[in-house]
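# An overview of the molecular structure
What follows is each chain in one-letter form.
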2 protein chains.
Amino acid sequence: MDHRSPCPISSFLDLWGDKWSLIVIRDLMVGKTRYKDLADGPETVPDSILANRLKKLAEWGVVDKVRYHDRPPRYAYVLTEKGESLRPVLLAMSDWSQTNLPSRWSTPDWFKEARPAPRFAPEEE
Amino acid sequence: MDHRSPCPISSFLDLWGDKWSLIVIRDLMVGKTRYKDLADGPETVPDSILANRLKKLAEWGVVDKVRYHDRPPRYAYVLTEKGESLRPVLLAMSDWSQTNLPSRWSTPDWFKEARPAPRFAPEEE
DNA sequence: CTACTAACTTTCAATACGAAAGTTAGTGAG
DNA sequence: CTCACTAACTTTCGTATTGAAAGTTAGTAG
């Protein structure tokens, strides 16, 4: 990933400035872990976008992809620390929308704090 | 503007989820007011995008366009309250980049607090 | 007139998006 | 041991957005 300038804001937007990446992060933050669950949010991410974004998120080190069941093959996507640290950004966005846009959902209290990452068997320390 | 869902995060991204809109907001927050100055940032917004975004920002009520000089015609773009209230979001983004990306500029202290909007003569209360 | 500047606007090739269909690996029913 | 079904992708392809460059409009200055 190359950046347009050393500005931290523009660099943030180089990574996250699109309509879907942070939606996927949000869903991981509310506890979703599987591809299917991520695909079925209130906004219905296109499949082609979801697969692409999950790949990017893994490359950038903000999610771990864990094969937690072999037969049938099943995968879990879990936020890393780096991914979890995006929460304040999402909360700031949420606040802005709630005070500036009419009738948005209000942020549930449990979303406001980092939750322990779901644990999956393979190769965890 | 229509929203994908009532989620405040996805609604925020419906408005701001692109690579340039918040760059323009950032530049207005550092005190730039004129088209030319906005066009000459460290990232060089394409003209076609800048004009388009300024139009949207005015429509959405986050900037005021003020003709502050008649001959020659000169315009100033100034953030409204609604626009100014995006500052916490930009600061959260900035924080994330500074702790997670190498060698980004650090946020100047004066950027961290809302500054009085520049005053221009025409039709202000 | 001619040159020059601010503030746009238009053009157009390239990239990104997104709906839909197809693929792969596996389970379970008959 | 074929048929139907599900999770997790991948591919295709028409549409929308992007961005580099050139053009436009209104005005000043020589």
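Above this text you will find the structure in question.
Just so you know, these numbers come straight off a predicted model, no measurement behind them.

### Details of the protein's contact with DNA strand C
Around DNA strand C sit 20 residues in total, of which Trp20 of chain A together with Lys36, Asp47, Lys65 and Tyr77 of chain B are the nearest. Each atom of DNA strand C within 4 Å of the protein belongs either to a base or to sugar and phosphate, the latter forming 76%. Between DNA strand C and the protein, one listed contact pairs a phosphate oxygen with a side-chain N or O atom of tryptophan 20 of chain A at 2.5 Å. Within the contact set of DNA strand C, a base nitrogen lies 3.2 Å away from a side-chain nitrogen or oxygen of serine 48 of chain A. Counting only elements with at least two residues in the surface near DNA strand C, the list comes to helix H4 (47-59) of chain A together with helix H3 (35-39), helix H4 (47-59) and strand E2 (74-79) of chain B. Looking at the surface near DNA strand C residue by residue, the class counts come to nine nonpolar, two polar and nine charged.

### Quick notes on the protein's contact with DNA strand D
By nearness alone, 20 residues border DNA strand D, and Lys36, Asp47, Lys65 and Tyr77 of chain A together with Trp20 of chain B come closest of all. Counting only the atoms of DNA strand D within 4 Å of the protein, the fraction contributed by sugar and phosphate is 74%. One of the backbone nitrogen or oxygen atoms of tyrosine 35 of chain A is found 3.5 Å away from a phosphate oxygen of DNA strand D. The contact in question runs from a base nitrogen of DNA strand D to an N or O atom on the side chain of serine 48 of chain B, over 3.1 Å. Among the elements of the structure, helix H3 (35-39), H4 and strand E2 (74-79) of chain A together with H4 of chain B are those that each provide at least two residues to the surface near DNA strand D. Here the surface near DNA strand D is built from residues that sort into nine nonpolar, two polar and nine charged.

### Comments concerning the packing of aromatic side chains
Residue and element names in this part refer to chain A. Enumeration over the complete set of coordinates arrives at nine aromatic pairs over all chains. Their ring planes at 90° and their centres at 5.6 Å tell us that tryptophan 16 and tryptophan 60 sit as a pair that is edge-to-face. Of this pair, tryptophan 16 sits in helix H1 (residues 8-16) while tryptophan 60 is found in the loop between H4 and strand E1 (63-69), placing the two residues 44 residues apart along the sequence. For tryptophan 16, a relative accessible area of 2% translates into the label buried.

### Observations regarding the interface of chain B and chain A
Taken together, the contacts link 41 residues of chain B with 41 residues of chain A. Roughly 3,800 Å² of surface becomes buried between chain B and chain A when both sides are summed, with 69% attributable to carbon and sulfur atoms. Across the contact surface, chain B and chain A share zero salt bridges. Scanning the region where chain B abuts chain A turns up 26 residue pairs in polar contact (both at pLDDT 80 or more). For the side of chain B that touches chain A, the elements supplying multiple residues, two or more each, are helix H1 (8-16), helix H2 (21-29) and helix H6 (87-100) of chain B. For the side of chain B that touches chain A, the element with the highest residue contribution is H6 of chain B, accounting for ten residues. Looking at side-chain class alone, the side of chain B that touches chain A contains 22 nonpolar, eleven polar and eight charged residues.

Calculation notes
Residues numbered from 1 in each chain as written. Chains lettered and ligands numbered in written order. Predicted model: local features only at pLDDT ≥ 70, side-chain atom pairs only at ≥ 80, totals over all residues. Heavy atoms only, no water. Near = heavy atom within 4 Å. Polar contact = N/O pair within 3.5 Å; in protein donor to acceptor, adjacent residues only side chain to side chain. Helix = DSSP H or I, 4+ residues; strand = E, 2+ residues; numbered from the N terminus. Nonpolar A, V, L, I, M, F, W, Y, C, P; charged D, E, K, R; others polar. Phe/Tyr/Trp six-rings, centres within 6.5 Å; stacked < 30°, edge-to-face > 60°. Buried < 20%, exposed > 50% of the residue type's maximum accessible area, 1.4 Å probe, protein only. Contact = heavy atoms within 4.5 Å. Buried area = accessible area lost by both parts, 1.4 Å probe. Salt bridge = Lys/Arg side-chain N within 4 Å of Asp/Glu carboxyl O.

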